[in-house]
Amino acid sequence: MMYSLPFQEARKGVLFIDFPPVLQLQLKRFEYDFMRDTMVKVRIKNPSSRLLDMILMSGCRFCLFNMLSINDRYEFPLQLDLDVENGKYLSPDADRTVRNLYTLHSVLVHSGGVHGGHYYAYIRPTLSDQWFKFDDERVTKEDIKRALEEQYGGEEELPQTNPGFNNSPFKFTKYSNAYMLVYIRESDKDKIICNVDEKDIAEHLRIRLKKEQEEKEQKRKEKAEAHLYTIIKVARDEDLLEQIGRDIYFDLVDHDKVRSFRIQKQMPFNLFKEEVAKELGIPIQCQRFWLWAKRQNHTYRPNRPLTPQEEAQSVGQLREVSNKANNAELKLFLEVEPGQAVSLMCATMQDLRPIPPPIKSKEDILLFFKHYDPLKEELRYVGRLLVKANGKPVEILTKLNELAGFSPDEEVELFEEIKFEPTVMCEHIDKKLTFRGSQLEDGDIICFQKAPQVGSSEQCRYPDVPSFLEYVHNRQVVRFRSLEKPKEDEFCLELSKLHNYDNVVEKVARHLGLDDPSKIRLTAHNCYSQQPKPQPIKYRGVEHLSDMLVHYNQTSDVLYYEVLDIPLPELQGLKTLKVAFHHSTKDEVVIHTIRLPKQSTVGDVIYDLKTKVELSHPNAELRLLEVFYHKIYKIFPLNEKIENINDQYWTLRAEEIPEEEKNLGPHDRLIHVYHFMKDAAQNQVQVQNFGEPFFLVIREGETLAEVKVRIQKKLQVPDEEFSKWKFAFLSLGRPDYLQDSDIVSGRFQRRDVYGAWEQYLGLEHSDNTPKRSYAANQTVSLVDI
């Protein structure tokens, strides 16, 4: 047997057993918006209510239509009485002997929007009348008006420039407002606002504070004396050996990862060499320093050694000579000659005792060498050599083989690494030409490898230095996510920025074990929302992978994929719509995916939908509606093309056409009926729609009482609940409440009934109706193309 339970009213709220001595109130200027999956600066919808009421009753809500930062006015008191109305916020178990009267101690302010801004605070440390503004390291005295009234938010009116004229006042929104409030209970203020001696601070905090103060003082001293010092960054062979092939591939070194010295500008450079000798254990006579230079092709190479005259100068003078554009640092390369002619692979630099570097004449060129192994796809630094400009590479092949650990007669190929931005330039070197003839100079880089063996069966992805450097320059690790789970990285693939759409989907299909790559559809990543972009990437719509990863001025490493049931080129000739079908008798909504050629009409959509839905009778007629934010904006004509219909932001709703609408009399009206609630914002009554909108036929002379009978029957609302509903005629959002005896048709003008959503019959009641059940069919849902 089934029993119907009597309708009962329920009240929901929060009661407090006690309040803390210090009350911190978060005004919820920001909150999480589930519709857009992001944080938003919210509109305070209920500024006239008490402060605690706002927090308890969730008065801070986000306004759906306003997508900008909202800074509405909200006033807060200097004193907050939580015993108001005989302790309405206290539970029966609360201690009523405690007086819960609070005084405002501080106001935390946020200036800006949801994606950025600045925090500062107004505080009165002793609860006196004097307020202070704490803005980073700047503290200033402020009056109470600045601390309170100017932090309410809302709009500010500029004074008129010509008072004698009838000028309209110019208002602008204030983007600074209170974000958090701190109140102190009056009965506890003597315990909280009291002097603190050092003995009152825990020992571990005293140690920490002392350490922080010392660090702060040291930084302040360094900052004050910064103009007296120069940072010298010294790169050595050890740095090149450690970084090339691991951290970097192009050029020679990352200067941010080498040994740096903080040296007084007035120090003679020769004294700095003594500092290097102490720190690195390299005798002064074994040190030769080179200046770096940025070339026109944007590479950065050692350019020339310091002259004895330059070494006699001060560090500050030398810095200005080396880099007039950026005087903050002096970058040097320290050439140290090992005492034995041993490959860097055989011993570390620390194992070899340095000797004075050989004398460098004008005919000598300092070259750096990298070795490439195609089988291992490995590039490494092997050393440097001073060579004669008129010499030939063929004369140093034995030395190169020794540096790489090859046999002396190994045949090698040589390439010059010229540049890598915006494209890689690495050219073959003729071993029989002179170094000068190949236009080689100090600081140039030669990459070499074993010559490929004729008839060798070994296959390499990147058989030579140019192809490997091209690969390194363009390689991109992409994190792939399923479009159904956009927050989770599913797998990573190493791709090339030069890959086209077909290359990318082929790699993805291979990873997923799919036979047909054309069934993979990709969607780009929005770097700001951290969500997939609304529209997928069109098939072959971009030239390269690098184009897929760019979002305005940001570059992402995320792509989303989905597996289609038909190839993407075929799908792009179709239009996919998600249609919510509202059953005429069952209280349910079923989402159907309709896929038709783009030239199809709404009539074709309805024909296809009829084959998928359950109708009340075989001859039932359907219509397709456009619904947005609980209002009906359009009934689609049957002959309208579906190509331009957008179901991404607007809901497409299909329903049976009621029999009473098919035979309208000459004086009948088809009106819009919407559910609504009233909401107060900035002392103005606003209407908030909710629920499912619908059409209703009203006849000439029909009273509201008669219309209400049909509405209750249509919506199947119980008598006890329906008796609380109010009915109003709304035009442009303003309700005009109706009496049972009012003639409803007299309120609605003669006009196109399908374009009159700004005039409707409103049903005012609370939104406590059970939600419709939504069921999705088994068809794969696809986003509009």
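Residues numbered from 1 in each chain as written. Predicted model: local features only at pLDDT ≥ 70, side-chain atom pairs only at ≥ 80, totals over all residues. Heavy atoms only, no water.

Per an unreviewed UniProt entry, the protein carries the name ubiquitinyl hydrolase 1 and comes from Rhododendron griersonianum. Turning to the protein, the UniProt record has this under Catalytic activity (unreviewed entry): "Thiol-dependent hydrolysis of ester, thioester, amide, peptide and isopeptide bonds formed by the C-terminal Gly of ubiquitin (a 76-residue protein attached to proteins as an intracellular targeting signal)." (UniProt positions renumbered as here; feature names shortened; annotations may be inferred.)

Draft legend 1. Geometry of the nonpolar core. Core analysis: the biggest nonpolar cluster contains 29 residues, and Leu-240, Phe-368, Phe-468 and Leu-469 have the highest contact counts within it. When residues of this core are traced back to their parent elements, those giving at least two are strand E16 (288-294), strand E21 (364-373), strand E22 (378-388), strand E25 (445-450) and helix H11 (465-474). If we ignore the near neighbours within four places in the chain, the residues touching Leu-240 are Leu-252, Val-253, Phe-333, Phe-368 and Tyr-381. (Core = buried A, V, L, I, M, F, W, Y, C linked by side-chain atoms within 4.5 Å. Buried < 20%, exposed > 50% of the residue type's maximum accessible area, 1.4 Å probe, protein only. Helix = DSSP H or I, 4+ residues; strand = E, 2+ residues; numbered from the N terminus. Contact = heavy atoms within 4.5 Å.)

Draft legend 2. Broad picture of unusual backbone geometry. Of note, the bond from Glu-421 into Pro-422 is cis; its omega dihedral lies within 30 degrees of zero at 0°. Among the structural elements, Pro-422 can be located in the loop between strand E23 (412-419) and strand E24 (425-428). With phi around 55°, Glu-85 is a residue other than glycine that occupies positive phi space. Residue position: Glu-85 is located in helix H2 (residues 84-87). The exposure class assigned to Glu-85 is partly exposed, which follows from its relative accessible area of 47%. One non-glycine residue with positive phi stands out, namely Asn-86, at about 60°. Along the polypeptide, Asn-86 turns up in helix H2.

Draft legend 3. Representation of the packing of aromatic side chains within the structure. In the structure shown here, the tally under the stated rule is 25 aromatic pairs. When the ring of Phe-269 is compared with that of Phe-272, the centres are 5.3 Å apart and the planes differ by 50°; the resulting orientation is tilted. Here Phe-269 pairs with Phe-272, and both are found in helix H7 (residues 269-280), just 3 residues apart, close to one helical turn. Ring plane angle 85° and centroid distance 6.4 Å describe the contact between Trp-292 and Phe-333, whose orientation is recorded as edge-to-face. A residue pair is termed long-range when its members are at least 10 positions apart, and Trp-292 in strand E16 and Phe-333 in strand E18 (residues 329-335) qualify at 41 residues. In this pair, the class of Trp-292 matches that of Phe-333, namely buried. These aromatic residues form a ring-pair network of at least three members: Tyr-249, Tyr-372, Tyr-462, Phe-468 and Tyr-471. We note Lys-726 situated over the ring of Tyr-737; from NZ or CZ to the ring centre the distance is 5.9 Å. (Phe/Tyr/Trp six-rings, centres within 6.5 Å; stacked < 30°, edge-to-face > 60°. Lys NZ or Arg CZ within 6 Å of the ring centre and 35° of its normal.)

Draft legend 4. Representation of the pairing of strand E26 (residues 475-482). Relative to strand E27 (residues 491-496), E26 runs antiparallel, the two being bridged by 6 bridges. Within E27, the residue paired with Arg-475 across the bridge is Ser-496. Bridging between E26 and strand E33 (residues 558-563) involves 4 bridges; their strand directions are parallel. Its bridge partner being in E33, Arg-479 is matched across the sheet by Val-558. (Pairing = 2+ DSSP bridges.)

Draft legend 5. How the structure looks around the sheet that holds E24. Pairing within the open sheet is mixed, and its 5 strands lie in the order E22-E21-E25-E23-E24. Two strands in the sheet have a free side with no partner beyond their single neighbour: E22 and E24. The average angle at which neighbouring strand axes cross in this sheet is 30°, direction not considered. Pairing analysis gives 4 bridges linking E21 to E25, with the strands arranged parallel. Bridge pairing in E25 places Phe-368 opposite Ile-445. The strands touched by helix H10 (residues 397-404) are E21, E22, E23 and E25; relative to E22, the strand with the most contacts, the crossing angle is about 145°. (Axes fitted to C-alpha atoms, helices over the stretch in contact; angles between N-to-C directions.)

Draft legend 6. Seen up close, the pattern of salt bridges. According to the stated counting rule, one finds 55 salt bridges in the structure shown. With a shortest N-O distance of 3.2 Å, Glu-212 and Arg-208 are connected by a salt bridge. In this pair, Glu-212 and Arg-208 are both assigned in helix H5 (residues 203-224), 4 residues apart and thus about one turn of the helix distant. Relative accessible area serves as the criterion here: at 38%, Glu-212 is assigned to the partly exposed category. The exposed category is assigned to Arg-208, whose relative accessible area is 55%. Several salt bridges share partner residues, and in doing so they unite Asp-251, Arg-295, Arg-301, Lys-370, Glu-417, Glu-441 and Asp-444 into one network. (Salt bridge = Lys/Arg side-chain N within 4 Å of Asp/Glu carboxyl O.)

Draft legend 7. Quick peek at helix H17 (residues 704-715). With 12 residues, H17 should reach 16 Å at 1.5 Å per residue; the first-to-last C-alpha distance of 16 Å fits that figure. For H17, the full list of buried residues reads Leu-704, Val-707, Lys-708, Ile-711 and Gln-712. Considered in projection along H17, the buried side chains sweep an arc of 135° and stay on one side of the axis. Facing away from the buried side of H17 by more than 90 degrees, the exposed set consists of Val-709 and Lys-713. Phi for Gln-716, located one or two positions after H17, is positive at around 55°. (Expected span 1.5 Å × (residues − 1). Arc of directions from axis to C-beta.)

Draft legend 8. Spatial organisation of the environment of Ser-314. As for its position among the elements, Ser-314 is in the loop between helix H8 (308-311) and helix H9 (315-322). Relative accessible area serves as the criterion here: at 12%, Ser-314 is assigned to the buried category. Each C-alpha atom, one on Ser-314 and one on Leu-271, is 9.2 Å from the other, the two residues being 43 residues apart in sequence. With residues near it in sequence (within four places) discarded, Ser-314 still touches Lys-265, Gln-266, Met-267, Pro-268 and Phe-269.

Draft legend 9. Looking closely at the UniProt feature "coiled-coil region" (unreviewed entry) in the protein. The UniProt entry lists residues 199-227 under the feature "coiled-coil region" (unreviewed entry), expressed in the numbering used here. Measuring from the first to the last C-alpha atom of residues 199-227 gives 40 Å, for a span that is 76% helix and 0% strand.

Draft legend 10. Looking closely at H10. Leu-397, Leu-400, Asn-401, Leu-403 and Ala-404 are the residues of H10 that are buried. Mapping the buried residues of H10 onto a view down its axis gives an arc of 160°, with all of them on the same face. In this structure, the buried residues of H10 make contact with E21, E22, E23 and E25.

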